[in-house]
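# Examining the three-dimensional arrangement
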Amino acid sequence: VQLVESGGGLVQAGGSLRLSCAASGSIFSRYVMGWFRQAPGKEREFVAAISGSGSITHYADSVKGRVTISRASAGNTVYLQMNSLKPEDTAVYHCAARRSWDSIVQENYAYAYWGQGTLVTVSS
């Protein structure tokens, strides 16, 4: 059971990045998948999540309208497209999986599996 994020990097404010999360094991195609982020000195916070079917999504207010979460048709890869990035988006972004088909929640403890994270740095 493994989640591996990629796609982070350094980008100027106003730029875009696309994060990917590759999940090992076909079971993840049936799980809610989420993205969380943790900035230096701050607690980990919810960014976005998507249901197992891909038909239900939920976003934090801080990123709504700038971020899109999606998953590949096979279900084992989840993406986070981030546009109009701001310096306050700088954080380590983690992918997570929740053992549920369509129950999306924002609490960290509800997600059983976590990746190591990928760093996103937005310069002003």
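Here is a short report on the structure shown in this document. Sequence positions are assigned chain by chain, starting from 1 and proceeding in written order. Since the coordinates come from a predicted model, pLDDT governs what is reported: local features require at least 70, and pairs of side-chain atoms require 80 or more to be given and counted, while whole-chain, interface and lining totals use all residues. Only hydrogens and water are set aside when side-chain values are computed; all heavy atoms of the structure are taken into account.

## Description of the pattern of salt bridges
- Throughout this description, the term salt bridge denotes a Lys or Arg side-chain nitrogen within 4 Å of a carboxyl oxygen of Asp or Glu. All told, the structure shown has four salt bridges when counted by the stated rule.
- The salt bridge partner of R37 is E45, with a shortest N-O separation of 2.6 Å.
- We note a salt bridge from D89 to R66, for which the minimum N-O separation is 2.8 Å. Of this pair, D89 sits in the loop between β8 (77-82) and β9 (91-98) while R66 sits in the loop between β6 (57-59) and β7 (67-71), placing them 23 residues apart in sequence.
- Categorising residues by exposure relies on relative accessible area from a 1.4 Å probe, with only protein chains included: less than 20% of the type maximum marks a residue as buried, more than 50% marks it as exposed, and the intermediate range marks it as partly exposed. A relative accessible area of 2% places D89 in the buried class.
- Here the residues in one salt-bridge network are R37, E45, R66 and D89, joined through shared partners. Helical segments are the DSSP runs of H or I of at least four residues, strand segments are the runs of E of at least two, and each set is numbered from the N terminus.

## Considerations on the nonpolar core
- Here, the term nonpolar core denotes a set of buried Ala, Val, Leu, Ile, Met, Phe, Trp, Tyr and Cys residues that are joined through side-chain atoms within 4.5 Å. Formed by 36 residues in total, the largest nonpolar core has its most connected members in M33, W35, L80, M82 and Y93.
- For this core, the secondary structure elements donating two or more residues are β3 (17-24), β4 (32-38), β5 (45-50), β7, β8, β9 and β11 (118-123).
- Contact partners of Y93, with chain neighbours within four places excluded, come to E5, L19, W35, F36, R37, V47, L80, M82, G117, T118 and V120. Contact between two residues is taken to exist if any of their heavy atoms lie within 4.5 Å; hydrogens are not considered.

## Some points on the sheet that holds strand β1 (residues 2-6)
- Pairing is antiparallel across the open sheet formed by four strands, whose spatial order is β1-β3-β8-β7. Pairing within the sheet leaves two strands with one partner each, and these edge strands are β1 and β7. The sheet shows a mean angle of 15° between the axes of neighbouring strands, taken without regard to direction.
- Across five bridges, β1 lies against β3 in antiparallel orientation. What sits directly across from E5, in β3, is C21. When DSSP finds two or more bridges between two strands, those strands count as paired. Here the axes come from fitting lines to C-alpha atoms, over the contacting stretch only for helices, and the angles between their N-to-C directions go from 0 to 180 degrees.

## Quick look at the environment of D102
- Note on placement: D102 falls in the loop between β9 and β10 (113-114).
- Along the backbone, D102 and S53 are 49 residues apart, and their C-alpha atoms lie at a distance of 7.5 Å.
- Non-local contacts of D102, meaning those with residues more than four positions away in its chain, are made with V32, S51 and I56.

## Describing the packing of aromatic side chains
- Side-chain rings of Phe, Tyr and Trp (the six-membered ring for Trp) are treated as a pair once their centres are within 6.5 Å; stacked means planes under 30 degrees apart, edge-to-face means over 60, and tilted covers the remaining angles. Evaluated as defined, the whole model comprises seven aromatic pairs.
- Measuring from centroid to centroid gives 5.4 Å for F28 and Y113, while their planes differ by 75°, and the two rings are edge-to-face. Of the two residues, F28 is situated in the loop between β3 and β4 and Y113 in strand β10; the sequence distance between them amounts to 85 residues.
- Looking at F28, the relative accessible area reads 1%, which means it is buried.
- Residue classification places Y113 among the partly exposed positions, given a relative accessible area of 23%.

## Some points on unusual backbone geometry
- Not every positive phi belongs to a glycine, and S84 is a case in point at roughly 50°.
- Mapped onto the elements of the fold, S84 is located in the loop between β8 and β9.
- Classification of S84 as partly exposed rests on a relative accessible area of 41%.

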